[in-house]
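The primary structure of each chain is shown beneath.
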Amino acid sequence: MEIKWTDRAIKKISGNVQENSDKHIKLKYDTDGCGCVVSGVTALWLIDEKDSDDLEIDTNAFPVLVEKSKMVFLDERMTIDFNETANTYMLTCPSQILNPRMSLTVK
């Protein structure tokens, strides 16, 4: 799996990473409140500890944790961008937009 950060996304998340230097960035496929596992939504989380199912993906900026069991719902090549108008992150892959308004939550 390849995850790339755009310059805008790096600039935006850098402050959060510095403020929470003891936390890990996780690309979470969140299914809470979605009805079933296949109806999840991606989000960025800053978490204290890795879970046993988490894999660390090296990127062009910050390492990102991804749940091994949820990788089937993600693309092999993804880009994390930041939309300044919406003030949210955006997750894309070469063929589609996976989440145009991805939140960042500090856990």
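So, here is what we can say about the structure in this document. Predicted, not measured: the structure shown is a model, and the values here were computed from it.

Parameters and conventions
Residues numbered from 1 in each chain as written. Predicted model: local features only at pLDDT ≥ 70, side-chain atom pairs only at ≥ 80, totals over all residues. Heavy atoms only, no water. Helix = DSSP H or I, 4+ residues; strand = E, 2+ residues; numbered from the N terminus. Rg over C-alpha atoms; globule rule 2.2 N^0.38 Å. Buried < 20%, exposed > 50% of the residue type's maximum accessible area, 1.4 Å probe, protein only. Contact = heavy atoms within 4.5 Å. Areas by Shrake-Rupley, 256 points an atom, 1.4 Å probe, with all protein chains shown as cover. Phe/Tyr/Trp six-rings, centres within 6.5 Å; stacked < 30°, edge-to-face > 60°. Lys NZ or Arg CZ within 6 Å of the ring centre and 35° of its normal. Pairing = 2+ DSSP bridges. Axes fitted to C-alpha atoms, helices over the stretch in contact; angles between N-to-C directions. Salt bridge = Lys/Arg side-chain N within 4 Å of Asp/Glu carboxyl O.

1. A word on the overall build of the protein
Broken down by element type, the protein carries 1 helix and 9 strands. Ordered by position in the sequence, the α and β elements of the protein form the string β-α-β-β-β-β-β-β-β-β. At 13 Å, the protein has a C-alpha radius of gyration in line with the 13 Å of a compact globule built from 107 residues. If one aligns the C-alpha atoms of the protein with their principal axes, the spans along those axes are about 35 × 30 × 25 Å. Burial statistics for the protein: of 107 residues in total, 39% are counted as buried. Considering only contacts within the protein whose residues lie at least 6 apart along the sequence, 53% involve residues at least 24 apart. Here the protein displays about 6,200 Å² of accessible surface, and carbon together with sulfur accounts for 45% of that area.

2. A few points about the packing of aromatic side chains
A full pass over the atoms with the stated rule returns 3 aromatic pairs. The interplanar angle of 90 degrees and the centroid separation of 6.0 Å between the aromatic rings of tryptophan 5 and phenylalanine 62 together place this pair among those described as edge-to-face. Separated by 57 residues along the polypeptide, tryptophan 5 in strand β1 (residues 2-5) and phenylalanine 62 in the loop between β4 (54-57) and β5 (64-67) bring together distant segments of the chain. Taking the relative accessible area as the measure of exposure, tryptophan 5 reaches 1% and is therefore buried. Sitting over the face of the ring of tryptophan 45, lysine 107 holds its NZ or CZ atom 4.1 Å from the ring centroid.

3. Some words on the sheet that holds β1
Strand order in the open sheet made by the 4 strands is β1-β6-β7-β8, with mixed pairing throughout. Lying at the two open borders of the sheet, with one neighbouring strand each, are β1 and β8 (96-102). For this sheet the average axis-to-axis angle between neighbouring strands, irrespective of direction, equals 20 degrees. Across 5 bridges, the pairing between strand β6 (residues 77-83) and strand β7 (residues 88-93) is antiparallel. Within β7, the position partnered with asparagine 83 by the bridge is threonine 88.

4. Overview of the environment of methionine 90
Turning to its location among the elements, methionine 90 is positioned in strand β7. Under the relative-accessibility criterion, methionine 90 is labelled buried at 17%. Distance in space between the C-alpha atoms of methionine 90 and valine 72 is 19 Å, their sequence separation being 18 residues. Dropping the residues within four chain positions of it, methionine 90 is found in contact with Thr79, Ile80, Asp81, Asn83, Ile97, Asn99, Pro100 and Met102.

5. Some details on the environment of aspartate 7
Among the secondary structure elements, aspartate 7 is positioned in helix α1 (residues 7-19). Taking C-alpha positions, aspartate 7 is 8.6 Å from phenylalanine 82, a pair spaced 75 residues apart along the chain.

6. What about the pattern of salt bridges?
All chains considered together, the criterion is met by 6 salt bridges. Here lysine 23 and aspartate 48 are joined by a salt bridge, their closest N and O atoms 2.5 Å apart. Separated by 25 residues along the polypeptide, lysine 23 in the loop between α1 and β2 (24-30) and aspartate 48 in the loop between β3 (41-47) and β4 bring together distant segments of the chain. By relative accessible area, which is 18% here, lysine 23 ends up buried. Owing to a relative accessible area of 43%, aspartate 48 belongs among the partly exposed residues under this scheme.

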